[in-house]
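Here is how the chains run, residue by residue.
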Amino acid sequence: MEERARSCLLRFRHRLEQDIKPSYLMDHMVSDGVLSVDEEERIRTQPNRKDQAVALLELLLKKDNRAYISFYNALVKEAYDDLASLLQDDLPQMLPDAHNKSSDGSVAYVQAVLSEGGVPQRPVVFVNRPELVNRVREKLYRLLKEPGWVTVFGMAGSGKSVLAAEAVRDHRLIEECFPGGIHWLSIGQLDKPDLLVKIQSLCFRLEQSLDSQSLHRPSNSLDEAKERLRFLMLRRYPRALLILDDIWDSTVLKAFDIHCRILLTTRNRSLADSVSGAKYEVEVESGLDENKGLEILAKYTELNRLPEEARSIVRECKGSPLVVSLIGALLKEKPNRWDYYLRQLQQKQFKRIRKSSSYDYDALDQAMAASIEVLPDEHRELYKDLTVLEKDIKVPAKVLSVLWDLEAEEVEDILEEFVNKSLLFVDNHNKPYQYYLHDLQLDFLVEQNRTQLESLHTKVVHQYQQHYRDGPPTSGDEECLYWIRFLTYHMAKANLSQELYSLMFSLDWVSIKAQIMGPAHLINDYVEYGPILDKEVMRSQFQEFLSLNGHQLEQRPFPDVVQLALSEPRSSEVYRQALLQAQDRTSAGKLYFDWLNKNSVESLSRLVIHPHQGSIYSACFSHDGTKIASSGASKTLKVFKSTSGEKLTEIQAHDDEVLCCAFSPDDRLLATCSSDRKVKVWNVEKGMRLRVFEEEHQEQVNHCEFTNTSQRLLLATCSNDKFLNVKLWNLNKPSSQNTMFGHFEPVNHCCFSPDDTYVSTSSNDGTIKLFQVSSANEWKTINVKNMFTDSDEDVLVKCSTWTADGKHIICAARNAVLVFDVETSDMLLEIKTNRLSTVQYCHACPTSNLLAIAFSNYAVELWDLESNKKMADCSGHLSWVQRVQFSPDGSQLLSCSDDQTVRLWEPKKVHTSSAVHLKRDSDVLFSDEEIIVSAADNCNRLQCGCKLFFLFMWILVVLMFLSFFQVLEVPSGKLLATLLGHTKTVLHCQFSQNGQTLITSSEDTTIRVWKWQSGECKVLQGHKEQVRCFALLSNSPAETRLLSWSFDGTVKMWDIESGEKLQDIEAHRGAILSCHVSPDGCLFATTSADKTAKLWHCESWQCVHTLSGHQDCVRSCRFSWDSRRLATGDDNGEIRIWNVKDGSLLKICSRESKDGMDSLHGGWVSDLHFSPDNSLLVSTGGYIKWWDVEKGEALQTFYTTGTALKRIHVSSDFSTFVTIDNIGILYILQRVV
């Protein structure tokens, strides 16, 4: 070991022995190969931590430079930053000359190896950074014994590639660790074909070094290329290093997950999380000290001795690499202008950057002015036009071609000049190339041209209008994306309010921008430019339309915006434009449907966001209320704006479901916990992982939460561990600060009291425990299970929440919410709900007495704790609601659900809804003058129209859960008959044509035929399982034959007059799910859970055809009116159309249109109907679709608010459609003509 390093260890030995925890450090040193397992064991046998530290340092003083560097890196890794800083200045450099006998021979050997592997040479302007180089080499030594990944990460332009190349320019490293060679591959942003070419060329290069027999034909696929590379690296080059330069995408990185040694450079620190194997990382920090700045100037100017002005120039540049490089590039062209450029910087004749700038480089404006002066006059004016660009936005040359009204080639030449003079940056990873200004350059331009900003933006708008006078671009390329995204921005900055008004209140523009950019950008526009758009009502109409339909507008294939807009209120400008467009398009054969009764439905949510594929388990507001984070089954963490749902950050956070996410009090950090047993902390702005706690929880981590203030920042976590299940973490320490003992069952939730004095924990043991944060001691236990004396079932406490004053704590268990006094532990209030649903979560508003409750029955309710009164229903979710949270100011409430959405509500605007929520069983009577619908509501009350007629089946829904039913007169409600007989739920009923006979089927396996006025009854017995439905063989009044089918797989025919069973066949191996008789009465079809449909002859009862091909249960079927076609629908949403004559398949519908739920129809296809001319087909599933029968193509989709539609009623002319969704909303749709 170098004397300097040894002296440093001796100097700080006492301090190190006092503070370090050797067991953690030795793990890293053993991995580095500087400490043997025997040596580690000898140190571990010491009686206590202090003696272990003494022994480790004693051993360290006997070792070499590598041991010192490894010890330093272990301190950094374990967050002993203060101790590491003591050793940093005396880090030894690992130079190849020290290891090799011949320096010249060493250099030649290294150059040969690197040249053969395609490693780039040192750049002309090269600045050595020994500390970083040593850190990278130290990580590379860790790959000596086993394959793994070393990630070098940092911002763009920080020198990652140069650093990677320099790190492997070392004889000892190559000889000891990578004798198989070093192979460099430049990646960038690639699509799959380009990636395949890259891997093919690498394989070819590797094979070239082997014998000619090793040459293979080029791989035809990415998988084949990956396997070939795996073979070469493992068998032929097992000790080689593969360097992947400039990796952008985790999917690209996975192509190299082949169990070899890899060094990668990237801007994204977390990329390596997506691959397997040992992982190490080195961060490259930007920023240069004075000596490095001088070195850059010397390299540019090629001077051995810099003039005295050089040091002053570097100081005036304030250490900014960008400014130093700008001046260096200028001096290279004009080497006699040192004094001139120094005076330019010193005189500060341009305004300084505004204080609000996010950068602290005082000298930028002076350096920029000096750079721009060398441009020709006409180019200076063009460069000024770049002032209108937004920060961090890259622009293709075509956009500037429109702005400058020049040919694209001429524009590219001008931009190349800007780039060469360091006035512009180019991203050449994709084609077309994209150009952008550094933020510092843009700050300077805005400051310089502040008085001309409006006219510059006006020029952009007018040039766009001139170029796209026939309508906006829709190509979806980079040029189109720029205009669609930023046209409104330029209009607003130009103060062109009339143009902005016309654009943003156009449904055409909404449709184009939503399809290309997604709805969040549009909503942002309405929020941001609200003060300019003086039509307040119209703005809110468009904004509400986008907010409530955003999750639909993110679907692919893209929905018809006009059809979506037809569901808006009739008074809305959105609806008015949609109706005009629909009427115009119907003349060209398009289908559109108007929702006639939409005014009876209230829309209570303010914004609906669809951030993840899969259930969303957690969502939370930032403390400033501007952002929302969400996580769930997709293993990702997303952050988006609370005003619009625009995505700000997306992180592949864990290897398993992410169960919770939480913001820190200052909103700079986000914590996540997962089923993978890990807790992670992220930098919100950079999307970068800061900490991982993966050692201490042995089971899934259910919840995480920060303290409410940053005064003493702690993170609480709880898990399914049996004993050590609640922990407090100090982010500056590698292990937990405290473990709370007391629960012996999984802990579901933890949260701090408002003043951070206590942390409450909710457990499956039926208790809430309150722990003191300062001491981690248990303060008290609230026994929640004692409040449930009516059952022996376990009481699982789901969560707890504190009232704003910290005096009360509220918990959720079973179907109740309980409020306790913190001091006395007395229960003050109980809110009990429907026994059929459980409370999933609750949260107390921090600014009022409101409590939000989330239920398993898809509902969210708001209660006033003071009055113990329900204040509001927040309906809209389509599955279990997992979490609710108020914003810190109480003005907003969010809820997240298994239905993959996050909904935002305004507590002041929602209220207890008076709308009737219907059950899905219904019947409809269509007449010339009116449509009469009858169905039961959620209180089992009959809701129906006002015409006297016998209700076909559906009046019986009133008592559908009982074994008797009633016949009522409508509209008087007069009871005509009460019929007793069935022993279980009645599932279906139907009147005969003359209304005198009523037929019912039941879960009790029987069918009953009633003379309902006299009560006389025949029982048809024979089925072994429930009879969900039946059908008369024809509509003739004289028809007495009845067809019934059952889950027992049989079809039977009965004579309802005599009660005799006429036919009985075992039709399917599985349950029969539907049956339909052809209109001509010759055939009937059955469909089954055995994934087949069958056609049967009505007279002979022979199976005519078995229709195979569905991949899931065949749920529904329907004959066309001419009896020539049969449509069948399955549980994956697929619809097939068959030729009845020969059983051949004619068309498969929906094949290309899987939705976000991974279904072709949003769920089971539950009902099908042909139009009278058999050209159209309507189907129900998660929504309603209309099809072209000949082509099998979807013509229109109507997205219901709820899902799981059971059936649809269709008028005889195929113009009116009636259905009810699973949250009880009635839809009466009429075709637009």
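Computed from a predicted structure; not experimentally measured.

Helices and strands together make up the secondary structure of the protein, namely 31 helices and 65 strands. Taken across its 1233 residues, the protein has 56% of its residues classed as buried. Taking all contacts inside the protein whose residues are at least 6 apart in sequence as the whole, residues at least 24 apart take part in 53%. Of the roughly 53,100 Å² of accessible surface on the protein, 46% is carried by carbon and sulfur atoms.

Among the nonpolar cores identified, the biggest contains 89 residues, and Leu 386, Trp 404 and Phe 418 are the most heavily contacted of them. Those residues in contact with Trp 404, other than ones at most four positions away along the chain, are Leu 382, Asp 385, Leu 386, Val 411, Ile 414, Leu 415, Phe 418 and Lys 459. Ranked by size, the runner-up nonpolar core spans 30 residues in total, among them Ile 810, Tyr 841, Ala 854 and Trp 905.

The UniProt entry lists residues 609-650, 651-692, 740-781, 874-906, 979-1020, 1020-1064, 1065-1106 and 1107-1148 under the feature "repeat: WD" (unreviewed entry), expressed in the numbering used here. Secondary structure across residues 874-906 divides into 0% helix and 48% strand, with the first and last C-alpha atoms of the span separated by 10 Å.

Interhelical geometry of helix H21 (residues 397-404) versus helix H25 (residues 478-493) gives an angle of 60° and a closest axis separation of 8 Å. Regarding the angle of H21 to H25, the classification is oblique. Contact residues: Lys 398, Val 399 and Val 402 in H21; Glu 479, Tyr 482 and Trp 483 in H25. A per-class count over the contact of H21 with H25 returns four nonpolar, no polar and two charged.

Once that is clear, we can look at a nonpolar patch on the surface. A contiguous nonpolar patch, built from Phe 723, Leu 724, Phe 741 and Phe 744 and spanning about 430 Å² of accessible area, is present on the exposed surface. Of note, Leu 724 is situated in the loop between strand S20 (715-719) and strand S21 (726-729). We classify Leu 724 as partly exposed; its relative accessible area is 38%.

Taken together, four strands build an open sheet; the order of strands is S9-S65-S64-S63 and the sheet is antiparallel. Each edge of the open sheet is held by one strand with a lone partner, namely strand S9 (593-595) and strand S63 (1209-1210).

Among the six residues of strand S13 (residues 636-641), five are classified as buried, and the element is accordingly described as predominantly covered. Here strand S12 (residues 627-632) pairs with S13 via five bridges, running antiparallel. Bridge assignment links Ser 630 to a residue of S13, and that residue is Lys 638. From the end of S12 to the start of S13, which pair antiparallel, there are three residues, and Lys 635 there has a positive phi angle of about 70°. Examined bridge by bridge, S13 and strand S14 (residues 647-652) share five bridges and lie antiparallel to one another. Bridge assignment links Val 639 to a residue of S14, and that residue is Thr 649. From the end of S13 to the start of S14, which pair antiparallel, there are five residues, and Gly 645 there has a positive phi angle of about 85°.

Looking now at the state of the cysteines. Evaluation of the coordinates by the stated rule reveals zero disulfides. You can see Cys 718 has no disulfide; the closest cysteine sulfur is in Cys 750, sitting 3.8 Å from it. Relative accessible area serves as the criterion here: at 0%, Cys 718 is assigned to the buried category.

Further remarks concern the pattern of salt bridges. Taken as a whole and assessed by the stated rule, the structure comprises 43 salt bridges. Residue Arg 4 is joined to Asp 90 by a salt bridge in which the shortest nitrogen-to-oxygen separation is 3.8 Å. Here Asp 90 lies in the loop between helix H7 (81-88) and helix H8 (103-116) and Arg 4 lies in helix H1 (residues 3-11), a separation of 86 residues in the sequence. Connected via shared salt-bridge partners are Arg 4, Arg 11 and Asp 90.

With that settled, the discussion passes to unusual backbone geometry. Positive phi values are uncommon outside glycine, yet Lys 635 reaches one of about 70°. Tracing the backbone shows Lys 635 in the loop between S12 and S13. By relative accessible area, Lys 635 is classed as partly exposed at 34%. Positive phi values are uncommon outside glycine, yet Asn 868 reaches one of about 55°. Examined against the element boundaries, Asn 868 turns out to sit in the loop between strand S33 (860-864) and strand S34 (869-874).

We now examine helix H16 (residues 309-316). Along H16, the residues that are buried comprise Glu 309, Ala 310, Ile 313, Val 314 and Glu 316. All buried residues of H16 project into a common sector of 165° when viewed along the axis, lining one side.

Here the focus is the sheet that holds strand S54 (residues 1103-1107). The four strands are arranged S51-S52-S53-S54 in an open sheet whose pairing can be described as antiparallel. Lying at the two open borders of the sheet, with one neighbouring strand each, are strand S51 (1072-1077) and S54. Strand-to-strand twist across the sheet, computed as the mean angle between neighbouring axes with direction ignored, equals 15°. Bridge count between strand S52 (residues 1083-1088) and strand S53 (residues 1093-1097): five bridges; the pairing is antiparallel. Paired with Phe 1084 across the two strands is Trp 1096, which belongs to S53.

Our next topic: the packing of aromatic side chains. Pairs of aromatic rings are described using the distance from one ring centre to the other and the angle between the two planes. Per the stated rule, a full pass over the model turns up 25 aromatic pairs. For the ring pair Tyr 464 and Tyr 468, a centre distance of 5.2 Å and an interplane angle of 40° mean the geometry is tilted. Here the two residues Tyr 464 and Tyr 468 agree in accessibility, since each one is buried. Among the aromatic side chains, those forming a connected cluster through ring pairs are Tyr 464, Tyr 468, Tyr 482, Trp 483, Phe 486 and Tyr 489. Across the ring face of Tyr 436, the terminal group of Lys 394 is positioned such that the distance to the ring centre comes to 5.2 Å. Positioned above the aromatic ring of Trp 1164 is the side chain of Arg 1115, whose terminal nitrogen or guanidinium carbon lies 3.8 Å from the ring centre.

Here the focus is the side chain of Lys 678. By the element assignment, Lys 678 lies in the loop between strand S16 (669-674) and strand S17 (679-683). Excluding residues within four positions of it along the chain, Lys 678 makes contact with His 654, Asp 655, Thr 672, Cys 673, Val 692, Phe 693, Glu 694 and Val 701.

With that settled, the discussion passes to the pairing of strand S23 (residues 747-752). The buried count for S23 comes to five of six residues, which makes it a mostly enclosed element. What sits between S23 and strand S24 (residues 758-763) in their antiparallel hairpin is a turn of five residues, with Asp 756 showing a positive phi close to 65°.

Looking now at the environment of Leu 724. Between the C-alpha atom of Leu 724 and that of Phe 741, which follows or precedes it by 17 residues, the distance is 6.6 Å. Setting aside chain neighbours within four positions, we find Leu 724 in contact with His 697, Ser 719, Thr 739 and Phe 741.

Before going further, it helps to spend a moment on a negative patch on the surface. On the surface, a cluster of negative charge is contributed by Glu 407, Glu 409, Glu 410, Glu 412, Asp 413 and Glu 416. Relative to the elements of secondary structure, Glu 409 occurs in helix H22 (residues 408-420). Given the relative accessible area of 53%, Glu 409 is considered exposed.

This paragraph deals with the packing of helix H27 (residues 507-517) against helix H28 (residues 519-528). For the pair H27 and H28, the least separation of the axes is 7 Å and the interaxial angle reads 130°. In terms of orientation, H27 and H28 fall into the oblique class. Contact with H27, carried on its side by Trp 509, Val 510, Lys 513, Ala 514 and Met 517, involves Pro 519, His 521, Leu 522, Asp 525 and Tyr 526 of H28 and no other residues of that element. Its residues placed into classes, the contact of H27 with H28 shows seven nonpolar, one polar and two charged.

Each value, and the rule that gives it
- Residues numbered from 1 in each chain as written.
- Predicted model: local features only at pLDDT ≥ 70, side-chain atom pairs only at ≥ 80, totals over all residues.
- Heavy atoms only, no water.
- Helix = DSSP H or I, 4+ residues; strand = E, 2+ residues; numbered from the N terminus.
- Buried < 20%, exposed > 50% of the residue type's maximum accessible area, 1.4 Å probe, protein only.
- Contact = heavy atoms within 4.5 Å.
- Areas by Shrake-Rupley, 256 points an atom, 1.4 Å probe, with all protein chains shown as cover.
- Core = buried A, V, L, I, M, F, W, Y, C linked by side-chain atoms within 4.5 Å.
- UniProt positions renumbered as here; feature names shortened; annotations may be inferred.
- Axes fitted to C-alpha atoms, helices over the stretch in contact; angles between N-to-C directions.
- Parallel < 35°, antiparallel > 145°, perpendicular 65-115°, else oblique.
- Nonpolar A, V, L, I, M, F, W, Y, C, P; charged D, E, K, R; others polar.
- Patch = residues over 30% accessible without salt bridge, like charges linked within 9 Å, V, L, I, M, F, W, Y side chains within 5 Å.
- Salt bridge = Lys/Arg side-chain N within 4 Å of Asp/Glu carboxyl O.
- Pairing = 2+ DSSP bridges.
- Disulfide = S-S within 2.5 Å.
- Arc of directions from axis to C-beta.
- Phe/Tyr/Trp six-rings, centres within 6.5 Å; stacked < 30°, edge-to-face > 60°.
- Lys NZ or Arg CZ within 6 Å of the ring centre and 35° of its normal.
- Lys, Arg positive; Asp, Glu negative; His and termini not counted.
- Charge placed at Lys NZ, Arg CZ, Asp CG, Glu CD.

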